[in-house]
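Summary of structural features
Here are the chains, one letter per residue:
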Amino acid sequence: MRILNKTNGIWMILIVLSFGLLQGAILLGLIDAFYEITLVTILINMILAIGLNVIIGFSGQFSLGHAGFMAIGAYATGILTKQFPNYGGMAAGIVVGGIIAGIVALIVGIPTLRLKGDYLAIATLGVAEIIRIIILNMGDLTNGAAGLSGIPYLSTWYIGFFLAVVVLIFAANYKYSSVGRATISVREDEIAAESLGIHTTRYKTIAFVMGAVTAAIAGSIHATYFSVISPDQFNFMKSIDILIIVVFGGIGSLTGSVIAATVLGVLNVFLQPFGSFRMILYAIALISIMIFKPSGLMGTKELNISSFIRKKDKSENKKREEKVR
Amino acid sequence: MLKVRDLTVYYGVIEAIKGVSFEVNEGEIVTLIGANGAGKTTILKTISGLVRPSQGEIIYQEQPIQRATPRTIVQSGISHVPEGRHVFSGMTVMENLEMGAFLRKDKEAIKEDIKKVFDHFPILEERKNQDSATLSGGEQQMLAMGRALISKPKLLLLDEPSMGLAPLFIQEIFQIIKKINEEGTTILLIEQNASVALEIATKGYVLETGKIVESGVGKELLESEAVQKAYLGG
């Protein structure tokens, strides 16, 4: 497959276009400082949801500890950028956070992913809590329950946008690579996958580690954009929030996660004037999606541009044929 | 080609296979028949590395393989079609077949082999862009067999290909099995449907609660008293 084919070209144009639209809206003042915070939150949630979708959607394993890995990234970057308040420090934070999150995921994943069934959900539930408690008790390094403040404002929405695009492209390529195919075949039928010589534990672990690393990246952006982090931001509810985005968008659909992160983010802003009534409306929106479209907005399907092209070609061919007649 | 010697398998404390020995020579169709719970599937899973034996040897092409991983076993040319129709739903028929080539790198030859599978199972070619979940039971069985063939097995392990199929479909599948064998693939077939299996088999073994109670040439075995009594219920 060529890198510069029609489909990829259209995706590139879409990405550049959405970047241009956002930039234009900011320049025109349509997106003010408050909405920019929303924008970055959406981008962070997008990265988190894409990562969790790699775990839940592709490998079929259930993780309830995504916020824990996010916390690792946030704290690694927070601590490092306070020492080195420049982009070098931030890059180092992203790398260190990613590595630590990856190692923790390996340690949790290798024993639990050898088992068939939802053991990962229970293990990750515990691990996220352990990470939070460790951070709470790391003394001056993490500043305990008060959390870190005064982290330099290094992230802009540009960085968020850039990293979201990178993570999305990476996950999309993974989905259609041979490793991704193997992972999906494990999800569909573990016995058949094993009988074809696919090492099931290995591919489940790869997906889990990838999800954990992307969560750490999202945490890094979070720390350097909001400047204040505390352990209770990364509690169980945060993991559930991310899970909601994945389920809302459709388990296994990357474009679904992108759309859901955006829709839920925007919905949150529009519901702001309703005060605490907001949570009820938010819940109603979620429940109605589950009733009318139980597989999520996109199901397991992707927003498929190449099929649009194909359809168009077909209809053009038909027209041509009719003319010939 | 394949020698199983004194194979013993435990599930926890339960002894599922109690010292089974048999042999498969190159070019043969060998069948293990027996009722539910006789241990047929366990033997197959042990050969393909999904289950570990507690005792005994499995010698494949002069090499002991009872400690090898499923991956190396597949690479060495043993392909297992599990019981029931284990196709990857959500993937098309074509993608399913491509998964069979997971351990292969020779793209051109893979295309050739997919063509060959379509020769055996023309219906799969018709349905190649269809989600495999939408296939009928018989078609899914064909797909699972076709996928196993793509990994270019020297020895094909078939676990109850007739399960849940209409008699007409069973005949068709078994004719194809015979054809695949004639083209050079050795086959170890496990069946409950003893008469159909022994019809095409060169050699048969009768399994009863983890032990081999009778063996013989395919069609003769069908007549034997042991089979009639122990298995067919006559």
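Scoring rules and cut-offs
- Residues numbered from 1 in each chain as written.
- Chains lettered and ligands numbered in written order.
- Predicted model: local features only at pLDDT ≥ 70, side-chain atom pairs only at ≥ 80, totals over all residues.
- Heavy atoms only, no water.
- Contact = heavy atoms within 4.5 Å.
- Buried area = accessible area lost by both parts, 1.4 Å probe.
- Salt bridge = Lys/Arg side-chain N within 4 Å of Asp/Glu carboxyl O.
- Polar contact = N/O pair within 3.5 Å; in protein donor to acceptor, adjacent residues only side chain to side chain.
- Helix = DSSP H or I, 4+ residues; strand = E, 2+ residues; numbered from the N terminus.
- Nonpolar A, V, L, I, M, F, W, Y, C, P; charged D, E, K, R; others polar.
- Buried < 20%, exposed > 50% of the residue type's maximum accessible area, 1.4 Å probe, protein only.
- Patch = residues over 30% accessible without salt bridge, like charges linked within 9 Å, V, L, I, M, F, W, Y side chains within 5 Å.
- Areas by Shrake-Rupley, 256 points an atom, 1.4 Å probe, with all protein chains shown as cover.
- Lys, Arg positive; Asp, Glu negative; His and termini not counted.
- Charge placed at Lys NZ, Arg CZ, Asp CG, Glu CD.
- Pairing = 2+ DSSP bridges.
- Axes fitted to C-alpha atoms, helices over the stretch in contact; angles between N-to-C directions.
- Core = buried A, V, L, I, M, F, W, Y, C linked by side-chain atoms within 4.5 Å.
- Domains from an automatic or database assignment.
- Expected span 1.5 Å × (residues − 1).

As a further point, take the interface of chain A and chain B. Counting residues at the interface gives 17 residues for chain A, matched by 18 residues for chain B. Both sides of the chain A and chain B interface together cover about 1700 Å² of buried area, and 64% of this is carbon and sulfur. Considering only the surface of chain A that becomes buried against chain B, Arg181(A), Ser195(A) and Leu196(A) emerge as the three largest contributors, covering 38% of it. Our count for the chain A to chain B interface comes out at two salt bridges. Here Glu95(B) makes a salt bridge to Arg181(A), at a shortest N to O gap of 3.3 Å. Across the contact surface, chain A and chain B share five residue pairs in polar contact (both at pLDDT 80 or more). Elements supplying a minimum of two residues to the side of chain A that touches chain B: helix H7 (178–188), helix H8 (190–195) and helix H9 (200–226) of chain A. Tallying contributions element by element places H7(A) first for the side of chain A that touches chain B, with six residues. Across the side of chain A that touches chain B, the residue classes tally to eight nonpolar, four polar and five charged.

Residues and elements named next belong to chain A. Following the criterion strictly, the structure yields 14 salt bridges over all chains and no others. Between glutamate 190 and lysine 204 there is a salt bridge, with the nearest N and O atoms lying 3.1 Å from each other. Taken together, the positions of glutamate 190 in helix H8 and lysine 204 in helix H9 put the pair 14 residues apart, joining distant regions of the chain. Owing to a relative accessible area of 17%, glutamate 190 belongs among the buried residues under this scheme. With a relative accessible area of 1%, lysine 204 lands in the buried category.

Residues and elements named next belong to chain B. Residues Asp119, Glu125, Glu126, Glu182 and Glu183 make up a contiguous surface patch of negative charge. Structurally, glutamate 182 is set in helix H7 (residues 167–182). Residue classification places glutamate 182 among the exposed residues on the basis of a relative accessible area of 59%.

Residues and elements named next belong to chain B. Strands sit in the order S2-S1-S4-S5 across an open sheet of four strands; the sheet is antiparallel. The sheet is open, and its two edges are formed by strand S2 (14–24) and strand S5 (63–64), each paired on a single side. Taken together, the eight bridges between strand S1 (residues 2–11) and S2 define a ladder with antiparallel strand orientation. Within S2, the residue paired with threonine 8 across the bridge is lysine 18. Running at roughly 115 degrees to S1, helix H1 (residues 40–47) makes contact with S1, S2 and strand S4 (55–60) of the sheet.

Now for the pairing of strand S8 (residues 186–191) of chain B. All names here are of chain B. Buried residues dominate S8, accounting for six of its six residues. What you see with S8 is no split at all: Thr186, Leu188 and Ile190 on one side and Ile187, Leu189 and Glu191 on the other are buried throughout. Pairing analysis gives five bridges linking strand S3 (residues 29–33) to S8, with the strands arranged parallel. Residue pairing in the sheet places isoleucine 29 in a bridge with isoleucine 187 of S8.

Across soluble globular proteins, nonpolar side chains show a tendency to be buried alongside one another. Membership of the largest hydrophobic core comes to 92 residues, with the highest contact counts inside it found for Phe69(A), Ile198(A), Phe208(A), Ile229(A) and Phe234(A). Shared between two domains, this core holds at least three residues of each, these being domain 1 (1–30) and domain 2 (32–324) of chain A. Excluding residues that lie within four positions of it along the chain, Phe234(A) makes contacts with Ala67(A), Met70(A), Ala71(A), Ala74(A), Tyr75(A), Arg132(A), His222(A) and Ile229(A). In terms of nonpolar packing, the next biggest core, distinct from the first, is built from 42 residues, Ile29(B), Ile33(B), Ala148(B) and Ile150(B) among them.

It is worth spelling out H9(A) at this point. For H9(A), which comprises 27 residues, the first-to-last C-alpha distance of 39 Å matches the rise-based estimate of 39 Å (1.5 Å per residue) to within 8%. Extensive coverage of H9(A) is indicated by the burial of 23 of its 27 residues.

Residue and element names in this part refer to chain B. Of the two faces of strand S6 (residues 78–81), the one lined by Ile78 and His80 and the one lined by Ser79 and Val81 are each fully buried. Inspection of the sheet shows S6 paired to strand S7 (residues 155–159) by four bridges, in the parallel sense. Residue pairing across strands places valine 81 opposite leucine 158, the latter belonging to S7.

What follows concerns the side chain of Asp189(A). Inspection of the secondary structure puts Asp189(A) in the loop between H7 and H8. Arg147(B) provides the closest opposite charge to the buried, salt-bridge-free Asp189(A), at an N-O distance of 6.5 Å. Reaching out from Asp189(A), the side chain makes a polar contact with the backbone nitrogen of Ala192(A) at a distance of 3.1 Å. A polar contact is formed between the side chain of Asp189(A) and the side chain of His86(B), at a distance of 2.6 Å. With sequence-adjacent residues up to four places away left out, Asp189(A) is seen in contact with His86(B), Val87(B) and Phe88(B).

Residues and elements named next belong to chain A. Along the chain, phenylalanine 161 turns up in helix H6 (residues 157–176). For phenylalanine 161, a relative accessible area of 12% corresponds to the buried category. The sequence separation of phenylalanine 161 and leucine 39 amounts to 122 residues, and the corresponding C-alpha distance is 9.2 Å. Leave out the neighbours within four places in its chain, and phenylalanine 161 touches Ile15, Ser18, Phe19, Leu22 and Leu43.

All right, on to the domain arrangement of chain A then. All names here are of chain A. Entries for chain A in the domain assignment read domain 1 (1–30) and domain 2 (32–324). Averaged C-alpha coordinates put domain 1 and domain 2 at centres separated by 22 Å. Both faces considered, domain 1 and domain 2 share a buried interface measuring about 1200 Å² in area, 80% of it formed by carbon and sulfur atoms. For the pair domain 1 and domain 2, the interface holds zero salt bridges. Remark: the boundary between domain 1 and domain 2 carries one residue pair in polar contact (both at pLDDT 80 or more). Within the side of domain 1 that touches domain 2, the residues separate by chemical class into eight nonpolar, four polar and one charged.

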